[in-house]
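Working through the structure, step by step
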Amino acid sequence: QVQLVESGGGLVQPGGSLRLSCAASGTAFTIGAMGWYRQTAENQRELVATIFRFGNTNIADSVSGRFTISRDDLKKTVYLQMNSLKPEDTAVYYCNVKSVSVPVRTYWGQGTQVTVSS
């Protein structure tokens, strides 16, 4: 059974850094993409960053230059390094995994709270 376990969220001051981790288990399929989304109470869930099968990445304009996505293939873990954090980065961050096979299967982590505040 596929499980995505997130960790690394918390409270940080503006300008600070956090690193989120998402460890996938039970994936008997080839992973096509791993990524991070975020959501606030007033906004829809939005894509933050994605890393694809062969290592290419997409980063949202709002976090470009501040956030970096990476992965450890052996651990099946995706990371989101968040630097120069701003209050507007405050959200629940969700890990997402998609299969290569079609129809594409998608899975979500439980979410981890990131709060950027003085």
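This is a predicted model, so every value here is computed, not measured.

Quick look at the overall build of the protein now. Within the protein, the regular secondary structure consists of zero helices and eleven strands. For the protein, the N- to C-terminal ordering of α and β elements is β-β-β-β-β-β-β-β-β-β-β. Its C-alpha radius of gyration of 14 Å places the protein within 12% of the 13 Å reference for a compact globule of 118 residues. In terms of overall dimensions, the protein has C-alpha extents of about 45 × 25 × 25 Å along its principal axes. Here the contacts in the protein between residues at least 6 apart in sequence split such that 53% fall between residues at least 24 apart.

Okay, the state of the cysteines next. Any covalent bond linking the sulfur atoms of two cysteines counts as a disulfide. The full count for this structure, using the stated rule, is one disulfide. Between the sulfur of Cys22 and that of Cys95 lies a disulfide, 2.1 Å long from S to S. As the torsion about the S-S bond is roughly -80°, the Cys22-Cys95 disulfide counts as left-handed. A residue pair is termed long-range when its members are at least 10 positions apart, and Cys22 in strand E3 (residues 18-25) and Cys95 in strand E9 (residues 91-99) qualify at 73 residues. Accessibility classification places Cys22 together with Cys95 in one group, the buried group.

Taken as a whole and assessed by the stated rule, the structure comprises four salt bridges. Where Arg71 meets Asp73, a salt bridge forms, and the shortest distance between an N and an O atom there is 2.5 Å. Given a relative accessible area of 55%, Asp73 falls into the exposed group. Among the charged side chains, a salt-bridge network with shared partners connects Arg38, Glu46, Arg66 and Asp89.

Turning our eyes to something else, we now look at the sheet that holds strand E8 (residues 77-82). Strand pairing in a sheet is mediated by backbone hydrogen bonds. Such pairs are either parallel or antiparallel. Strands sit in the order E1-E3-E8-E7 across an open sheet of four strands; the sheet is antiparallel. At either margin of the open sheet sits one strand with a lone partner, and together these are strand E1 (3-7) and strand E7 (67-72). Pairwise comparison of adjacent strand axes, ignoring direction, gives a mean angle of 15° for this sheet. Of the strand pairs in this sheet, E3 and E8 are connected by six bridges, and their pairing is antiparallel. Residue pairing in the sheet places Leu18 in a bridge with Met82 of E8.

The rules we used
Residues numbered from 1 in each chain as written. Predicted model: local features only at pLDDT ≥ 70, side-chain atom pairs only at ≥ 80, totals over all residues. Heavy atoms only, no water. Helix = DSSP H or I, 4+ residues; strand = E, 2+ residues; numbered from the N terminus. Rg over C-alpha atoms; globule rule 2.2 N^0.38 Å. Contact = heavy atoms within 4.5 Å. Disulfide = S-S within 2.5 Å. Buried < 20%, exposed > 50% of the residue type's maximum accessible area, 1.4 Å probe, protein only. Salt bridge = Lys/Arg side-chain N within 4 Å of Asp/Glu carboxyl O. Pairing = 2+ DSSP bridges. Axes fitted to C-alpha atoms, helices over the stretch in contact; angles between N-to-C directions.

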